[in-house]
Amino acid sequence: MASGRMVVEELKPAGIFGRRLDFKTKALTAFVVLTNVLGNFAMSWGMKHQPTVLADTPLVYIRTIFSPWVLVGTTLLILWLLSRMMLFKWADLSYVLPVTSIGYVLTAFLGKYFFGEQITWRRWLGTAAIMIGIILVGMTRPNTTAPPPPEANR
Amino acid sequence: MKWLMVAVIVVSTVLADLLQSFEMKRRDAAVEDRRPRQGPLVLAVIIMAISFFAFMKLLSLADMSFAVPITAASVVIETILAKLVLKEQVTPMRWAGACFVACGVALLAA
């Protein structure tokens, strides 16, 4: 019975299976964040360095979509979408959302570094709050609804 | 118009994420069901596209410093729905984390 959830199993400390899955979850989380941040950055860079203003003819739009930076950005964002779906398989929604929010912080720093945007004290405060939130959620178990691992049934 | 776009963005983001999380978990659990349904995930991607275009529209109506923090509200709403709909165990630590993140995003964009 795949749908039957064993409460006793959930309360057990994570065994070797659980630990391996935990590492996989964290590695995939890092991948999701990286593809999101770099994808947004490539898109933004591509749009800012267009030779023509985005408007008028459909030809301009098509040329924009097929410009190298925008293509890289689109590819990364497709990877982001797919890897995020995979992550939902292993981790709770209430875990994934806060933890991947570090992307906001990284985007802000990339913006400062490459686009010369200012980081005010308020932004530093926001960064600190996000980091605290991520640490708090990161300390909880990634998956609270999973059925027991297949090994337990054999 | 501005608030209509905010509503569209928040509702569609929440719906798309819930749908994806529910469907991916269901696939993982249903080992005997070898025929995966594509419908729910395709629907989720379509809803995400709606959210994306509504966000673009919002950026043309309002500042980035309004658009980003207001959509960060979806983190808290989704945490509530994760508990109610997806039956996740949202511990006090997770609630606190979600609230810190939402406040942090609001401050970051301000």
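If you're wondering where the values come from, they're calculated on a predicted model, not measured in any experiment. (Residues numbered from 1 in each chain as written. Chains lettered and ligands numbered in written order. Predicted model: local features only at pLDDT ≥ 70, side-chain atom pairs only at ≥ 80, totals over all residues. Heavy atoms only, no water.)

Describing the overall build of chain B
Part 1 of the reasoning: When helices and strands are tallied, chain B shows five helices and zero strands.
Part 2 of the reasoning: Scanning chain B from its N terminus toward the C terminus, one meets helices and strands in the order α-α-α-α-α.
Part 3 of the reasoning: For chain B, the C-alpha atoms occupy an extent of roughly 50 × 35 × 20 Å along the three principal directions.
Part 4 of the reasoning: Burial statistics for chain B: of 110 residues in total, 42% are counted as buried.
Part 5 of the reasoning: In chain B, once contacts between residues fewer than 6 apart in sequence are set aside, the share between residues at least 24 apart is 68%.
Part 6 of the reasoning: With the model as given, the accessible surface of chain B reaches about 5,700 Å², and the carbon-plus-sulfur share is 75%.
Part 7 of the reasoning: For chain B, the centre of its 11 positive side-chain charges and the centre of its 8 negative side-chain charges are spaced 3 Å apart. (Helix = DSSP H or I, 4+ residues; strand = E, 2+ residues; numbered from the N terminus. Buried < 20%, exposed > 50% of the residue type's maximum accessible area, 1.4 Å probe, protein only. Contact = heavy atoms within 4.5 Å. Areas by Shrake-Rupley, 256 points an atom, 1.4 Å probe, with all protein chains shown as cover. Lys, Arg positive; Asp, Glu negative; His and termini not counted. Charge placed at Lys NZ, Arg CZ, Asp CG, Glu CD.)

Considerations on the interface of chain B and chain A
Part 1 of the reasoning: The partner chain A presents 39 residues to the 36 residues of chain B that form the contact.
Part 2 of the reasoning: The interface formed by chain B and chain A holds two salt bridges in total.
Part 3 of the reasoning: A salt bridge links D92 of chain A to R94 of chain B; the shortest N-O distance between them is 2.8 Å.
Part 4 of the reasoning: The interface formed by chain B and chain A contains ten residue pairs in polar contact (both at pLDDT 80 or more).
Part 5 of the reasoning: Within the residue set of the side of chain B that touches chain A, elements represented by two or more residues are α1 (2-29), α2 (39-61), α4 (73-84) and α5 (92-109) of chain B.
Part 6 of the reasoning: If you tally residues by element for the side of chain B that touches chain A, the top one is α5 of chain B, at eleven residues.
Part 7 of the reasoning: By residue class, the composition of the side of chain B that touches chain A is 21 nonpolar, seven polar and eight charged. (Salt bridge = Lys/Arg side-chain N within 4 Å of Asp/Glu carboxyl O. Polar contact = N/O pair within 3.5 Å; in protein donor to acceptor, adjacent residues only side chain to side chain. Nonpolar A, V, L, I, M, F, W, Y, C, P; charged D, E, K, R; others polar.)

Quick notes on the pattern of salt bridges
Residue and element names in this part refer to chain B.
Part 1 of the reasoning: Per the counting criterion, the structure on display carries three salt bridges over all chains.
Part 2 of the reasoning: We note a salt bridge from E23 to R26, for which the minimum N-O separation is 3.1 Å. In this pair, E23 and R26 are both assigned in helix α1, three residues apart and thus about one turn of the helix distant.

What about the confidence of the model for chain A?
Residue and element names in this part refer to chain A.
Part 1 of the reasoning: Taken over all residues, the pLDDT of chain A has a mean of 77, while the share at 70 or more is 77%.
Part 2 of the reasoning: No element of chain A has a lower mean pLDDT than helix α1 (residues 7-11), at 42, and none a higher one than helix α4 (residues 68-90), at 91.
Part 3 of the reasoning: This stretch, residues 1-17, has a pLDDT under 50; its non-local contacts, to residues over four places away or in other chains, come to 20 contacts. (pLDDT = per-residue confidence, 0-100.)

Some details on the packing of helix α7 (residues 121-138) of chain A against α5 of chain B
The relative placement of two packed helices comes down to the angle between their axes together with the axis-to-axis distance.
Part 1 of the reasoning: Contact geometry of α7 of chain A with α5 of chain B gives a least axis separation of 7 Å together with a crossing angle of 160°. It follows that α7 of chain A is roughly antiparallel to α5 of chain B by the angle criterion. Between α7 of chain A and α5 of chain B lies a crossing whose hand is left-handed. Within the contact between the two elements, α7 of chain A uses R122, R123, L125, G126, T127, A129, I130, I132, G133, I134, L136 and V137 of chain A and α5 of chain B uses M93, R94, A96, G97, A98, F100, V101, G104, V105, L107 and L108 of chain B. (Axes fitted to C-alpha atoms, helices over the stretch in contact; angles between N-to-C directions. Parallel < 35°, antiparallel > 145°, perpendicular 65-115°, else oblique. Left-handed = near helix turned anticlockwise from the far one by under 90°.)

A short note on the packing of α4 of chain A against α2 of chain B
Part 1 of the reasoning: It is at 13 Å that the axes of α4 of chain A and α2 of chain B come closest, and there the two elements cross at 130°. One way to sum up the angle between α4 of chain A and α2 of chain B is to call them oblique. You can see that α4 of chain A and α2 of chain B cross each other, and the crossing is right-handed. Counted together, W80, L81, R84 and M85 of chain A of α4 of chain A and L41, V45 and M48 of chain B of α2 of chain B form the full contact between these two elements.

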